[in-house]
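Report on the structure
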Amino acid sequence: MDQIRGLRFLGRGETCSRVVLLMVLVVAFVLGLQYFELAPLSIVSPGNGNVYKFRDSNNTTKSAENETFLASQEEASYGFKPNNSTREVLKSFEHKFLNDSPKTESSRQSKGNETTTSSLHSLQPKIPRIRKKHEQRNTKKPPLVVISITQMNNMMWKRHNDPKNSLAPLWGSKVDEELKTARDEIKKAALVKKGDTLYAPLYHNLSIFKRSYELMEQTLKVYVYAEGDRPIFHQPEAMMEGIYASEGWFMKLMESSHRFLTKDPTKAHLFYLPFSSRILQQKLYVHDSHSRRNLVKYLRNYIDLISSNYPFWNRTHGSDHFFTACHDWAPAETRGPYMNCIRSLCNADVGVDFVVGKDVSLPETKVSSSQNPNGKIGGNRPSKRTILAFFAGNLHGYVRPILLNHWSSRPEPDMKIFNRVDHKSYIRYMKRSKFCVCAKGYEVNSPRVVESILYGCVPVIISDNFVPPFLEILNWESFAVFVPEKEIPNLRKILISIPVRRYVEMQKRVSKVQKHFMWHDGEPVRYDLFHMILHSVWYNRVFQTF
């Protein structure tokens, strides 16, 4: 009897073990599915910034375009042709984001100096731990490789002088010859020692900039596609205020331009895709879905539409098309066929997939009133700026908590580092400060860069791998300070080491560069923000036409 009971007990134990083993296998299978669902796709390029194929990757941290920038070139077939098989292939790759953790958006547009909410992936494990005073959980990490401004300038120069980095059109056109002529004339620009309204120390080469700008005014024609449904397309009035206002202002001024628009696409040097990445997110993103596939699909369907109705996209593989996008998600949503375009992005991160020399860094401008887009610009003269450094803002990302943890409680009266202040105090501090800290949030960009310039405060940019606006033309290191993220503990030491005469000259240059960061309602003004964005697009297109 005892033996029978023992056998029954062993049988039950064996059954339990089988159940437990089965449960373990099920859990492992589910985790495996999650792993493959989260695996992003890296864009494989032969080193020239053009998209030829895709490849799965689970640890992509740098742009394929920039990682292979100096690598040897290889022959490959390329181009995006809108057929059914291509659509099916691209559809299968719509889960490819390098940053697959979309941020929830509830109040970034409305309050504060730069407001967004947290960015958390639904599948990220919640590990409870004790946090410091100003520490917040964030999925972003510091970049593995930091690229300096000098290195960015070298990358741009090499790209603009290497024909292998250019996509050859499928057939020739008169506009190609006009662009080649413009490139040759820019290279042979006559020496300009002093401009009537331009301050030479601000620029890498004033002669090059002045000649390029003149040729843009004389030559450039832009065609705007009529296709696209409102409000995502063709509705700039929906985006004239807030931190994404650059999208709306550029769209409005571009679509109403008398000088640059053409109704004949065969005469166009550039083709503008007039959509708003912010409205795209507002209208199509399903809250808490943690999926942007429908946003990607919507934009790719638009390429299918225009490439089916017109021959121009297919002629150049999209390399003469451009758009402006200021939402954080725009770089991820415009991979695939859009990678051949000139992408004008606020989130200009050279460490991800921003291609220096092809793409354009779009200034992020916070507009409080569309009636007065630039606000009350100006500030105290240098001798009346008694605050050494100022920062205030929400604790987005990993950099700002480090900044506040180190400096907010230090007994340094000339370091005004706060979490939040009201809007009037924010402006007052900027106008009274020598240096204004522009620390990255979730992404590399911040509206503080433009705000600092408009209030006459020397920008201190703490954002590794951020490509500053108009890098093609402006010598940023002549009027701004770039502090590596790892040097935050030495911030005050770095700033006080700048000689007074050097600071006064930098502040003068900030006041001189203001004209390039101002919007003008009605008719744009020469060298203003609209013209500078368009010039950067023009310049990169000219120097990629061989």
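Details of the structure are given in the entry above.
Here's a quick rundown of the structure. Residue numbers restart at each chain and count upward from 1, following the sequence in its written direction. In view of the model being predicted, local features appear only for residues whose pLDDT reaches at least 70, and side-chain atom pairs are presented and counted only at 80 or more, with totals across whole chains, interfaces and linings using the full set of residues. To get the side-chain values, take all heavy atoms of the structure and skip hydrogens and water.

Another point: the overall build of the protein. Numbering of helices and strands runs from the N terminus, with a helix taken as a DSSP run of H or I at least four residues long and a strand as a DSSP run of E at least two residues long. When helices and strands are counted, the protein shows 17 helices and 12 strands. Here the protein, with 546 residues, has 55% of them falling under the buried criterion. What makes two residues a contact is simply this: any of their non-hydrogen atoms within 4.5 Å. Across the protein, every contact between residues at least 6 apart in sequence was considered, and the portion connecting residues at least 24 apart equals 73%. Buried residues are those whose accessible area, probed at 1.4 Å on protein chains only, stays under 20% of the maximum for their type, while exposed residues exceed 50% and partly exposed ones sit between those limits.

Interaxial angle, 0 to 180 degrees, is taken between N-to-C directions of lines fitted to C-alpha atoms, where a helix line uses only the stretch in contact. Interaxial distance between helix 7 (residues 245–255) and helix 17 (residues 529–542) falls to 10 Å at its minimum, and their mutual angle equals 85°. Our classification of the angle between helix 7 and helix 17 gives roughly perpendicular. On helix 17, the residues touching Phe-250, Leu-253 and Met-254 of helix 7 are Phe-530, Ile-533 and Leu-534. Broken down by class, the residue content of the contact of helix 7 with helix 17 amounts to 6 nonpolar, no polar and no charged. Angular relationships are summarised with four words: roughly parallel below 35 degrees, roughly antiparallel beyond 145, roughly perpendicular across 65 to 115, and oblique for the angles in between. Residues are sorted three ways: Asp, Glu, Lys and Arg are charged, Ala, Val, Leu, Ile, Met, Phe, Trp, Tyr, Cys and Pro are nonpolar, and all the rest, Gly among them, are polar.

With that out of the way, let us pick up the environment of Thr-197. Within the element layout of this structure, Thr-197 appears in the loop between helix 5 (174–187) and helix 6 (206–219). Through-space distance from the C-alpha of Thr-197 to that of Arg-526 is 10.0 Å; in sequence the pair is 329 residues apart. If we ignore the near neighbours within four places in the chain, the residues touching Thr-197 are Lys-515 and Tyr-527.

Another point: the sheet that holds strand 6 (residues 342–345). Sheets are built from strands paired through backbone hydrogen bonds, the pairs being either parallel or antiparallel. Spatially, 5 strands are ordered 3-4-5-6-7 in an open sheet, and the strand pairing comes out parallel. With one partner strand each, in any of the chains shown, strand 3 (222–224) and strand 7 (360–361) form the two edges of the open sheet. When DSSP finds two or more bridges between two strands, those strands count as paired. Judged from the 3 bridges that link them, strand 3 and strand 4 (residues 270–272) form a sheet pairing that is parallel. The partner of Val-222 across the bridge, within strand 4, is Leu-270.

In this structure, Ser-212 sits in helix 6. According to the relative accessible area criterion, Ser-212 is buried, its value standing at 0%. Here Ser-212 is in contact with Ile-186, His-535, Trp-538 and Tyr-539, once residues within four sequence places are set aside.

Now for the pairing of strand 11 (residues 458–462). Taking burial as the measure, the 5 residues of strand 11 include 5 buried ones, the bulk of the element. Alternating positions in strand 11 separate into two faces, Val-458, Val-460 and Ile-462 on one and Pro-459 and Ile-461 on the other, with burial throughout. Two elements, strand 10 (residues 433–439) and strand 11, share 5 bridges in a ladder whose sense is parallel. Paired with Cys-436 across the two strands is Pro-459, which belongs to strand 11. For a crossover, the right-handed case is the one in which the path from the first strand over the helix to the second runs clockwise, viewed with the strands pointing away from the viewer. Following the backbone out of strand 10, through helix 14 (residues 448–454) and into the adjacent parallel strand 11, one traces a crossover that is right-handed. As paired strands, strand 11 and strand 12 (residues 481–482) are joined by 2 bridges and run parallel to one another. In the strand pairing of strand 12, Ile-461 is matched with Phe-482.

Following both chains from N to C, one finds helix 5 and helix 6 inclined at 150°, their axes separated by 9 Å at the closest point. For the element pair helix 5 / helix 6, the angle class is roughly antiparallel. Viewed along their axes, helix 5 and helix 6 form a crossing whose handedness is right-handed. Of helix 6, the residues touching helix 5 (which contributes Ala-182, Glu-185, Ile-186 and Lys-187) are Ile-208, Arg-211, Ser-212 and Leu-215. When the residues that make up the contact of helix 5 with helix 6 are grouped by side-chain class, the tally is 4 nonpolar, 1 polar and 3 charged. When the near helix sits turned anticlockwise from the far one by under a right angle, the crossing is termed left-handed; a clockwise turn instead gives a right-handed crossing.

Most of helix 12 (residues 399–407) is tucked away: 7 of the 9 residues are buried. For helix 12, every residue scored as buried is listed here: Val-399, Arg-400, Pro-401, Leu-403, Leu-404, His-406 and Trp-407. Those residues of helix 12 hidden inside the fold are in contact with strand 8 (387–392), strand 9 (415–418), strand 10, helix 14, strand 11 and helix 15 (491–496).

Turning our eyes to something else, we now look at the side chain of Asp-349. Examined against the element boundaries, Asp-349 turns out to sit in the loop between strand 6 and strand 7. With sequence-adjacent residues up to four places away left out, Asp-349 is seen in contact with Phe-354, Val-444 and Asn-465.

To continue, consider the pattern of salt bridges. Close approach of charged atoms lets side chains of opposite charge pair. For salt bridges, the criterion is a side-chain nitrogen of Lys or Arg within 4 Å of an Asp or Glu carboxyl oxygen. Applying the stated criterion across every chain yields a total of 16 salt bridges. Here Asp-414 and Arg-492 are joined by a salt bridge, their closest N and O atoms 3.0 Å apart. Here Arg-492 lies in helix 15 and Asp-414 lies in the loop between helix 12 and strand 9, a separation of 78 residues in the sequence. A relative accessible area of 18% means that Asp-414 is categorised as buried.

The disulfide criterion is simple: two cysteine sulfur atoms within 2.5 Å. Tallied over the full model, the rule gives 2 disulfides. Here Cys-326 engages in a disulfide with Cys-346; their sulfurs sit 2.0 Å apart. Looking along the S-S bond of the Cys-326-Cys-346 disulfide, the torsion reads about -90°, which is the left-handed sense. Placement of Cys-326 in the loop between strand 5 (321–325) and helix 11 (330–333) and of Cys-346 in the loop between strand 6 and strand 7 is noted, with a sequence separation of 20 residues between them. Residue Cys-326 is classed as buried on the basis of its relative accessible area of 0%. Residue Cys-346 is classed as buried on the basis of its relative accessible area of 0%. Should the bonded cysteines of the protein be numbered as they appear in the sequence, the pairing reads 1-2, 3-4. The cysteine Cys-438 is free of any disulfide, with Cys-436 supplying the nearest cysteine sulfur at 6.8 Å. Relative accessible area serves as the criterion here: at 2%, Cys-438 is assigned to the buried category.

Note on aromatic contacts: the rings of Phe and Tyr and the six-membered ring of Trp form a pair at centre separations within 6.5 Å, being stacked when their planes are under 30 degrees apart, edge-to-face when over 60 apart, and tilted otherwise. Counted under the stated rule, the structure contains 33 aromatic pairs. Residues Phe-435 and Tyr-503 carry aromatic rings whose centres are separated by 5.4 Å and whose planes lie at 55° to one another, so their mutual orientation is tilted. Residue Phe-435 is found in strand 10, and its partner Tyr-503 is found in helix 16 (residues 500–513); the two are separated by 68 residues along the sequence. Across this residue pair, the class does not change: Phe-435 and Tyr-503 are buried.

Here we come to the environment of His-531. Counting through the fold element by element, His-531 comes out in helix 17. In this structure His-531 touches Tyr-213, Met-216, Phe-260, Pro-524, Val-525 and Arg-526, once residues within four positions along its chain are discounted.

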